[in-house]
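# Overview (structure and organization)
Residues per chain, in single letters:
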Amino acid sequence: MDVNKLPQGDVGLLAHEVAQELLNGTELARIAYVAADGTPRVFPTMFQWTGEEWVMGTFPRSAKIAALRARPEVAITVDTASFPPKQLLLRGKAEVTDVEGVVPEYAQAHYRYAGPEQGARNIAEVDEPGLRMVRIAVRPTWVGVLDFQTRLPGGATPDEFARRGRS
């Protein structure tokens, strides 16, 4: 299977080299959801990719927990600021689970983003007896990859994209 030929939306795009780079790198993800008041929200976050799920850990008092339990549909992007940009777009439903102690993927993300020494310090700061966390996991049901070289918005060819906005 040539992942470069898969259409946007195909979960097989998770195997695309851009998707793998972004899922295993240290760019922050941005997750969008609908808040309890019905308005959209988006926030940046560290995350961990398990090979099947996009996972983040948070703390129970976070307002997003109730909102995600009520409306679990989310959209996630992981992207670069470099040129040409690389973008991974995910959609799915968030599964929200209460956890005793540190969410394992939360710890893994801290080690990946901050390195072993700082990651250990970050986890030690929160890992106390009685700690409760919340695991938010999304198994993608829709995946998009843009590299602005061969995979362009709207499925445009490079020539079509170069002519955008012109008759």
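Structure report, in brief. (Residues numbered from 1 in each chain as written. Predicted model: local features only at pLDDT ≥ 70, side-chain atom pairs only at ≥ 80, totals over all residues. Heavy atoms only, no water.)

## With respect to the overall build of the protein
When you go through the protein residue by residue, the secondary structure sums to 5 helices and 8 strands. Taken along the three principal axes of its C-alpha coordinates, the protein extends 65 × 40 × 30 Å. Accessible surface computed for the protein: about 9,400 Å², of which carbon and sulfur atoms make up 52%. The positive charge centre, built from 19 side chains, and the negative charge centre, built from 21, are 6 Å apart in the protein. (Helix = DSSP H or I, 4+ residues; strand = E, 2+ residues; numbered from the N terminus. Areas by Shrake-Rupley, 256 points an atom, 1.4 Å probe, with all protein chains shown as cover. Lys, Arg positive; Asp, Glu negative; His and termini not counted. Charge placed at Lys NZ, Arg CZ, Asp CG, Glu CD.)

## With respect to the environment of Thr80
Positionally, Thr80 belongs in the loop between β5 (73–79) and β6 (87–100). For Thr80, a relative accessible area of 12% gives the class buried. With 17 residues separating them along the chain, Thr80 and Thr97 place their C-alpha atoms 30 Å apart. Excluding its chain neighbours within four sequence positions, the residues that come into contact with Thr80 are Leu22, Glu27, Pro85 and Lys86. (Buried < 20%, exposed > 50% of the residue type's maximum accessible area, 1.4 Å probe, protein only. Contact = heavy atoms within 4.5 Å.)

## Looking at the packing of aromatic side chains
Here the structure, examined in full by the defined rule, presents 4 aromatic pairs. Ring centres 6.4 Å apart and planes at 75° place the aromatic pair Phe47 and Tyr113 in the edge-to-face group. Separated by 66 residues along the polypeptide, Phe47 in the loop between β2 (40–45) and β3 (48–49) and Tyr113 in helix α3 (residues 104–114) bring together distant segments of the chain. According to the relative accessible area criterion, Phe47 is buried, its value standing at 1%. What makes Tyr113 buried here is its relative accessible area of 19%. Centre to centre, the rings of Phe59 and Tyr106 are 5.9 Å apart; their planes meet at 85°, and the pair counts as edge-to-face. Of this pair, Phe59 sits in the loop between β4 (54–58) and α2 (63–70) while Tyr106 sits in helix α3, placing them 47 residues apart in sequence. (Phe/Tyr/Trp six-rings, centres within 6.5 Å; stacked < 30°, edge-to-face > 60°.)

## A word on unusual backbone geometry
The omega torsion across Phe83 and Pro84 is -5°, close enough to zero to call that bond cis. Relative to the helices and strands, Pro84 is located in the loop between β5 and β6. One non-glycine residue, Phe148, lies in the positive phi region at around 55°. Relative to the helices and strands, Phe148 is located in the loop between β8 (142–146) and α5 (158–162).

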